[in-house]
Amino acid sequence: QVQLKESGGGLVQPGGSLRLSCVASGNFFNIRTMAWYRQAPGKQRELVAIMTDDNANYGDSVKGRFTISRDTAKNTAYLQMNSLNPEDTAVYLCNAWANTAYNSGYSHYWGQGTQVTVSP
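Please read all numbers here as calculations on a predicted model, not as lab measurements.

### Overview of the layout of surface pockets
- The volume enclosed by the largest pocket comes to roughly 220 Å³.
- Surrounding the largest pocket, 14 residues form its lining, N30, I31, R70, T72 and N75 being those nearest its centre.
- Those elements that provide at least two residues to the lining of the largest pocket are strand 4 (30-39) and strand 7 (66-71).
- Examining the composition of the lining of the largest pocket, we find that 4 residues originate from one element, strand 4, more than from any other.

Printed below as a string of structure tokens:
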């Protein structure tokens, strides 16, 4: 019963920046982890960034360029993407590791994705 909705994707020139947002809604009790994945045509889905509490980890290809953050009050995760290059072109998906009741088990929830295209 956790719903995720991404926004902020679009077309950007190489070297530019975008900021993605992921808003969580529904009957969740706790979102332990939020993450961003991406998937480009012909490629496997890869982890971009993941955050649990204040601990963030990044995929090697984006480390130093992307920053994940969370606003708990707004139930929102962000992905600030700087120094974009064409290899960053992909559908970016938000993922949450969440439960819906106290002491209940956790499950993965996915958003629909937002397209990011980096092109001259």
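Anyway, onward from the coordinates.
### With respect to the sheet that holds strand 3 (residues 18-26)
- Strands sit in the order 1-3-8-7 across an open sheet of 4 strands; the sheet is antiparallel. Each edge of the open sheet is held by one strand with a lone partner, namely strand 1 (2-7) and strand 7. Between one strand and the next, the sheet's axes are offset by a mean angle of 15°, whatever the strand orientation.
- As defined by bridge partners, strand 7 adjoins strand 8 (residues 76-81) across 6 bridges and the pair is classed as antiparallel. Bridge pairing in strand 8 places D71 opposite T76.

### Some points on the side chain of T76
- Mapped onto the fold, T76 is located in strand 8.
- We classify T76 as buried; its relative accessible area is 6%.
- Among the polar contacts made by the side chain of T76, one reaches the main-chain carbonyl oxygen of K74 at a distance of 2.8 Å.

### Topic: the environment of M81
- Turning to its location among the elements, M81 is positioned in strand 8.
- As for M81 and T67, which are separated by 14 residues in sequence, their C-alpha atoms are 6.6 Å apart.
- With near-sequence residues (within four places) excluded, M81 lies in contact with G16, S17, L18, L20, R65, F66, Y92 and V116.

### Comments concerning the environment of E46
- Mapping E46 onto the fold places it in strand 5 (residues 46-52).
- C-alpha separation for the pair E46 and M81, spaced 35 residues apart in sequence, amounts to 16 Å.
- Excluding anything up to four places from it in sequence, E46 contacts W36, Y37, R38 and S61.
- Reaching out from E46, the side chain makes a polar contact with the side chain of R38 at a distance of 2.6 Å.

### Here's the deal with the pairing of strand 5
- Sheet topology places strand 4 next to strand 5; 6 bridges connect them, and they run antiparallel. Bridge assignment links R38 to a residue of strand 5, and that residue is E46.
- Between strand 4 and strand 5, which follow one another and run antiparallel, lie 6 residues, and G42 among them has a positive phi close to 80°.
- In this sheet, strand 6 (residues 55-58) lies alongside strand 5 in antiparallel orientation, the contact comprising 4 bridges. The partner of A49 across the bridge, within strand 6, is Y58.
- In this antiparallel pair of consecutive strands, strand 5 and strand 6, the connection spans 2 residues, and D53 shows a positive phi of 55°.

About the thresholds
Residues numbered from 1 in each chain as written. Predicted model: local features only at pLDDT ≥ 70, side-chain atom pairs only at ≥ 80, totals over all residues. Heavy atoms only, no water. 1 Å grid on protein atoms, 1.4 Å probe; cavity = no way out; pocket = protein on both sides within 12 Å on 5 of 7 lines; lining within 4 Å. Points joined across faces, edges and corners; volume = space filled by probe spheres on them. Helix = DSSP H or I, 4+ residues; strand = E, 2+ residues; numbered from the N terminus. Pairing = 2+ DSSP bridges. Axes fitted to C-alpha atoms, helices over the stretch in contact; angles between N-to-C directions. Buried < 20%, exposed > 50% of the residue type's maximum accessible area, 1.4 Å probe, protein only. Polar contact = N/O pair within 3.5 Å; in protein donor to acceptor, adjacent residues only side chain to side chain. Contact = heavy atoms within 4.5 Å.

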